[in-house]
Amino acid sequence: MDWSTQSETLPSCLSDSPVPAVIGLASSSPTRAVAHTLGPFNLPLDDYSHYGIQAFSNQFRQQGGCLAFHLTIPISPTVTEIQEIADRLQSSTAQVVVVFASEVQLLDLFLELAHRNVTGIQWVASESWVAASLLTSPHFHPLLEGTLGFSFPGVNIPGLKEFLLNVRPSPKPGMEFVNMFWEELFGCRLEFRDVRSKENETDAGVNFMGSDAFGHKIDSPNNYGSLVRPIVGKTSTFNESSGENYRYAGEKPVCTGSEDLRYTDSSYTDVSQVRISYNVYKAVYAIAHALHTLLNCDSAGYNKGMCEKHKSFTSRQLLYQLNRVNFTNQFKEKVHFDSNGEPVPLYDIINWQKDSKGDIRFVKVGSYDGSAPLRQQLQMEQSTIVWTKGQSQVPVSQCSTPCSPGSRQARRPGEPHCCFDCLPCADGEISNQTGSTECTKCPEYYWSDKDKVKCVAGVEEFLSFYDTMGIILVTLTLLGVVLTTIITTVFHRFRSTPIVKANNSEISFFLLLSLKLCFLCSLVFIGQPSVWTCRLRQAAFGISFVLCLSCLLVKTIVVLLAFRANQPGSKALKLFGPSQQRTLILCTTAPQACLCAGWLLGAPPFPFRNPTYQASTGKIVVECKEPWPPGFYLVLGYIGLLAFLCLLLAFLGRKLPDTFNEAKLITFSMLIFWAVWISFIPAYVSSPGKFTVAVEVFAILASSFGLLLCIFVPKCYIICLLPERNVKKGMTGKYPR
């Protein structure tokens, strides 16, 4: 560019430069160095591999992708470093690997992977190595077949092949690389190169980076003097010392001058689909159009082709015109730049496929046009793509398979977000989508089905008549009722016998009636709770047992007073006659009846669907909820008070001189009663769900059977099996046993 207007701030050696623009190399790092040296164009230039992979990673994550790892190939990797990278690739579950590098950087790594016979990786190549012939040798076929990548569009530039075929070596400055290429291609040495070998020995080495003179990319910016892409099918290495190159060249025959590029078969002469050269072609035309506008060149008329050659301009002016360039070249491609100075991205999608001869060919299977409407920019012919290992099916690259419905993803600590374990949803939670990260809790009174994919109405649980436990308790209840009825019948049949009359037959019948009520009240606890059963169950239980214990209390008092009546002058039994006994029963039962009535009127129990145990059992317990818990414990406490009085009085009369001392039987029955109900309280509190009800029913039945068997079975035994003892002498102990 012409910098005459900037002579005051720039060194004089750069003033009036005839160079209007510099076209950067295909690699950005050397272009940056050139730009810093010659003066900026105000265009940002980034390091290719580092910033390229960073931009890709950001876009990939935004689209929901997951990166398993990010590795950097060192500038001069050691064997250990190459092996570590190979180990990581081989051990990873990722099946798709995106590589931003040049073929020279990848050669050592691919050699190591091929040596390990690694296959099944779907390689996605950047444009720098997607068309690298260096990597298409049969040695790499199992590893790299099916590689997919983006490449610059390839065209056949008219006249380019003829121009390249006319290139000849020359001792002129600027032809060094052509000379080296000539010697390498034809296996000979140029005589004028031998003359200059001593001069070059002090050179720091030739920099073979970027693109060669023929438009072919030789090396990446991060490798210096390493492997060069082969031209004639063999691999040659240039060492960093150019002197060694020349000594090696001295062993070759001298070039005769009859060498002809037309008779060689190499990538140099194959210009049917040039790609990087086409970029250079477009860059030259873009600068030409900018200069055409800047220098007021005429495109038609008398002054066609004339320009203001001596017009001064600055780099900013050229940059401004360059940003406004908009033309269509001879290949029907529209060339222009966006607001950031970036050209419209236009790529061919290349697939590495084997032909009928077993050679790798670069086949176009799609394209990307950044100027196309959204969702139409990427065009793929998927049916024509050959994937890794020659497969036609799209490979799947997943760290973890998406979790199926009924489970959730639990991310593994320290690993990418796509690496997770699938954990089944907890009971009461569901996930009905594949890949769910959380399980949704079911609403109240609903529960998850067995597959944890939908919420269903919770299963109601209660002590049913059809449960095994319910059937057992009902059977015991009916057994108790039948047994009580039988005993009542026996007592009624033998009501005139001494053993029945001696124990106050009226109180005995009251006691049998209350025991029958105790057995029957347990049925109210079984079955689905309703408004009436909830109100009736505790009241029936409390009043029935109080009536039973009141009768026992009266019987115990009668026994004690009966023996005191035998003492001279005692009138105790006369003062506690049948009417007083009935009154005592009524008076001891009335407080419990009043307590139950007040409880039911003030805070009656009601049916309640309890979800407390849903998390552990998956069932909703239908139970009777007691809004006033002290009511139950007051009822139970009053029963305990009467039982304690009965036990105390019976214990005092246990040694009375009677062959059949009823006080002993009452004492023993009360001990059983206390043992049952003392055990009941902790079992009642700790039992979950329907077992709470079952514990209470069991306590009712156990204590009722204890009273029935201890008090009445011995008497029935004498009445039915030992009638000879059912006489007055037998009751007073005067009848021999």
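These figures come from a predicted structure and were not determined experimentally.

J.: An account of the overall build of the protein is needed here, citing residue identities and associated values.
T.: Looking only at helices and strands, the protein has 24 helices and 21 strands in total. When each of the 737 residues of the protein is scored for burial, the buried share is 43%. Considering only intrachain contacts with a sequence separation of at least 6, the fraction spanning at least 24 residues in the protein is 65%. Put simply, the protein shows about 39400 Å² of open surface, and 58% of that area lies on carbon and sulfur atoms.

J.: Please give an account of the state of the cysteines that cites residues and values.
T.: Here the structure, examined in full by the defined rule, presents seven disulfides. Shown here is the disulfide that connects Cys188 with Cys255, its sulfur atoms set 1.9 Å apart. What sets the handedness of the Cys188 and Cys255 disulfide is the S-S torsion sign, and at about 90° it is right-handed. Taken together, the residues span a long stretch of sequence, with Cys188 in the loop between helix H7 (176-186) and helix H8 (191-195) and Cys255 in the loop between helix H10 (242-250) and helix H11 (276-294) at a distance of 67 residues. Judged on exposure class, the residue Cys188 and its partner Cys255 are both buried.

J.: Give a detailed account of the sheet that holds strand S3 (residues 148-151), specifying residues and quantitative values.
T.: Strands sit in the order S1-S2-S3-S10-S11-S12 across an open sheet of six strands; the sheet is mixed. Lying at the two open borders of the sheet, with one neighbouring strand each, are strand S1 (96-99) and strand S12 (378-380). Sheet twist, expressed as the mean angle between neighbouring strand axes with direction ignored, is 25°. Sheet analysis places S3 next to strand S10 (residues 346-354), joined by four bridges and oriented antiparallel. Looking at S10, one finds that Gly149 is bridged to Ile350.

J.: Give me the lowdown on the confidence of the model for the protein, citing residues and values where you can.
T.: For the protein, the mean per-residue pLDDT works out to 80, and 80% of the residues sit at or above 70. Ranking the elements of the protein by mean pLDDT puts strand S6 (residues 227-228) last, at 28, and helix H5 (residues 141-144) first, at 94. Long-range and interchain partners of residues 41-45, a stretch whose pLDDT sits below 50, account for 12 contacts in this model, where long-range means more than four residues apart.

J.: Let's hear about the packing of aromatic side chains: which residues, and what values?
T.: Applying the stated criterion across every chain yields a total of 25 aromatic pairs. With 5.3 Å between their ring centres and 25° between their planes, Phe632 and Tyr684 make a pair best called stacked. Residue Phe632 is found in helix H20 (residues 630-652), and its partner Tyr684 is found in helix H21 (residues 662-686); the two are separated by 52 residues along the sequence. Overall, Phe632 belongs to the buried group, its relative accessible area being 2%. Relative to Tyr684, the ring of Phe680 lies with its centre 4.9 Å away and its plane at 45°, an arrangement referred to as tilted. Taken as a pair, Phe680 and Tyr684 lie in helix H21 at a separation of four residues, close to a single helical turn. By relative accessible area, Tyr684 is classed as buried at 16%. Put simply, the rings of Phe541, Phe545, Phe632, Tyr633, Phe673, Trp677, Phe680 and Tyr684 pair up and form one aromatic cluster. It is Arg493 that lies over the ring of Phe494; its NZ or CZ is 5.1 Å from the centre. Cation over ring: Lys625 sits above Phe608, and NZ or CZ is 5.0 Å from the ring centre.

J.: Help me get a handle on the pattern of salt bridges, residues and values and all.
T.: Going through the model one piece at a time under the given rule, you end up with 13 salt bridges. Salt bridges linked by common partners bring Asp87, Glu112 and Arg116 together as one network.

J.: Could you give an account of a nonpolar patch on the surface, naming the residues involved and the relevant values?
T.: A contiguous nonpolar patch, built from Leu641, Phe644, Leu645, Leu648, Phe651 and Leu652 and spanning about 560 Å² of accessible area, is present on the exposed surface. Turning to its location among the elements, Phe651 is positioned in helix H20.

J.: Tell me what's going on with the sheet that holds strand S20 (residues 606-610), and back it up with residues and numbers.
T.: Hydrogen bonds along the backbone pair up the strands of a sheet, which may run parallel or antiparallel. Pairing is mixed in the open sheet, where three strands are placed in the order S19-S21-S20. Two strands lie at the open edges of the sheet, namely strand S19 (459-461) and S20, each paired on one side alone. Direction aside, the axes of adjacent strands within the sheet are offset by 35° on average. Sheet topology places S19 next to strand S21 (residues 619-625); three bridges connect them, and they run parallel. The partner of Glu461 across the bridge, within S21, is Val621.

J.: Describe the pairing of S1, and please don't skip the residues or the numbers.
T.: Side chains of S1 alternate between two faces, with Val97 and Val99 buried and Val96 and Val98 left unburied. Note on the crossover from S1 through helix H4 (residues 103-115) to strand S2 (residues 122-125): the handedness is right-handed.

J.: So what about H21? Which residues, and what values?
T.: With 25 residues, H21 ought to run about 36 Å at 1.5 Å a step, and its terminal C-alpha atoms sit 37 Å apart, in line with that. Remark: the principal bend of H21, roughly 30°, maps to Phe680, with a proline, Pro682, within the next four residues. Where H21 is concerned, the buried positions are Glu662, Ala663, Leu665, Ile666, Thr667, Ser669, Met670, Phe673, Val676, Trp677, Phe680 and Tyr684.

J.: Could you give me a rundown of the packing of helix H13 (residues 468-493) against helix H23 (residues 713-721), with the residues and numbers involved?
T.: The description of two helices packed together rests on the angle between their axes and the distance between the axes. Following both chains from N to C, one finds H13 and H23 inclined at 55°, their axes separated by 11 Å at the closest point. Taken as axis vectors, H13 and H23 run oblique relative to one another. When you trace H13 past H23, the crossing you get is left-handed. Only Lys715, Cys716, Ile719 and Cys720 of H23 make contact with H13, whose side of the interface consists of Ile487, Val490 and Phe491. Tallied by class, the residues present in the contact of H13 with H23 amount to six nonpolar, no polar and one charged.

J.: How would you sum up empty space enclosed by the protein? Please name residues and give values.
T.: As enumerated under the stated definition, the model contains three cavities of 30 Å³ or more in all. As a volume, the second largest cavity reaches approximately 70 Å³. As for the second largest cavity, its lining consists of 13 residues, of which Phe462, Leu463, Pro529, Val622 and Val693 are closest to the centre. Take the lining of the second largest cavity: its biggest share by element is four residues, from S21. Here the residues of the lining of the second largest cavity are counted per class, giving eight nonpolar, two polar and three charged.

J.: Go over unusual backbone geometry, please, and point to the residues and values.
T.: Leaving glycine aside, a negative phi is the common case for residues, and trans is the common case for peptide bonds. A positive phi angle, near 65°, is found at Lys332, a position not held by glycine. Note that Lys332 resides in the loop between strand S8 (326-328) and strand S9 (334-336). Unlike most non-glycine residues, Lys389 shows phi in positive territory, near 65°. With respect to the element layout, Lys389 can be found in the loop between S12 and strand S13 (407-411).

J.: Any chance you could break down the nonpolar core for me, citing the residues and the numbers?
T.: The tendency in soluble globular proteins is for nonpolar side chains to be buried side by side. Residues Phe541, Leu552, Met670, Phe673, Trp677 and Phe712 are the most contacted members of the largest nonpolar core, which totals 69 residues. When residues in this core are grouped by element, the largest group, 15 residues, is from helix H16 (residues 531-565). Phe673 has contacts with Phe545, Leu549, Ile639, Ala643, Ser703 and Leu707, leaving out every residue within four places of it along the chain. Counting 29 residues, the second-largest nonpolar core is a separate cluster that includes Ala86, Leu89, Trp123 and Leu144.

What counts and what doesn't
- Within any chain, residue numbers begin from 1 and follow the written order of that chain's sequence.
- For a predicted model such as this one, the threshold for reporting local features is a pLDDT of at least 70, and the threshold for listing and counting side-chain atom pairs is 80 or more; totals across whole chains, interfaces and linings nevertheless cover every residue.
- Only heavy atoms go into the side-chain values, all of them from the structure, while hydrogens and water stay out.
- In this description a helix means any DSSP run of H or I spanning at least four residues, a strand means any run of E spanning at least two, and both kinds are numbered starting from the N terminus.
- A simple rule labels every residue: compare its accessible area, found with a 1.4 Å probe on the protein chains alone, to the largest value its type can have, and call it buried under 20%, exposed over 50%, or partly exposed in between.
- Should any heavy atoms of two residues lie within 4.5 Å, those residues are considered in contact.
- To measure how exposed things are, a 1.4 Å probe is used in the Shrake-Rupley method; for residues, cover is taken only from the protein chains shown.
- Disulfide: a pair of cysteine sulfur atoms within 2.5 Å of each other.
- Two strands form a pair only when DSSP identifies at least two bridges running between them.
- Comment: axis = line fitted to C-alpha atoms, over the contacting stretch for helices; angle = value between 0 and 180 degrees taken between N-to-C directions.
- The predictor attaches a confidence to each residue, and that confidence, scored 0 to 100, is pLDDT.
- Planes of paired rings set the category: under 30 degrees apart is stacked, over 60 is edge-to-face and the rest tilted, where pairs are Phe, Tyr or Trp rings (Trp by its six-membered ring) whose centres lie within 6.5 Å.
- Here, a charge over a ring is recorded when the distance from Lys NZ or Arg CZ to the ring centre is within 6 Å and its angle to the ring normal is within 35 degrees.
- In the sections that follow, a salt bridge refers to a side-chain nitrogen of Lys or Arg positioned within 4 Å of a carboxyl oxygen of Asp or Glu.
- Patch membership needs two things, relative accessible area over 30% and no salt bridge, and members are linked within 9 Å if like-charged or within 5 Å if nonpolar (Val, Leu, Ile, Met, Phe, Trp, Tyr).
- Handedness rule for crossovers: strands pointing away from the viewer, path from the first strand over the helix to the second running clockwise, crossover right-handed.
- Each helix should span, by expectation, one fewer than its residue count multiplied by 1.5 Å.
- We define the bend at each residue as the angle formed by axes fitted to the 7 residues ending at it and the 7 residues starting at it.
- An angle counts as roughly parallel when it lies under 35 degrees, as roughly antiparallel when it exceeds 145, as roughly perpendicular when it falls between 65 and 115, and as oblique in every other case.
- For any helix crossing, the convention is left-handed if the near helix is rotated counterclockwise from the far helix by under a right angle, and right-handed if that rotation is clockwise.
- Throughout, the ten residues Ala, Val, Leu, Ile, Met, Phe, Trp, Tyr, Cys and Pro are labelled nonpolar, Asp, Glu, Lys and Arg are labelled charged, and all others, Gly among them, are labelled polar.
- A cavity here means a set of points on a 1 Å grid, drawn over the protein atoms and nothing else, where a 1.4 Å probe fits but cannot get out; a pocket is an open set with protein on both sides within 12 Å along at least five of seven lines, and a residue lines either one if it has an atom within 4 Å of a point.
- Grid points are joined across faces, edges and corners, and a volume is the space filled by probe spheres set on the points.
- We define a nonpolar core as any set of buried Ala, Val, Leu, Ile, Met, Phe, Trp, Tyr and Cys residues linked to one another through side-chain atoms lying within 4.5 Å.

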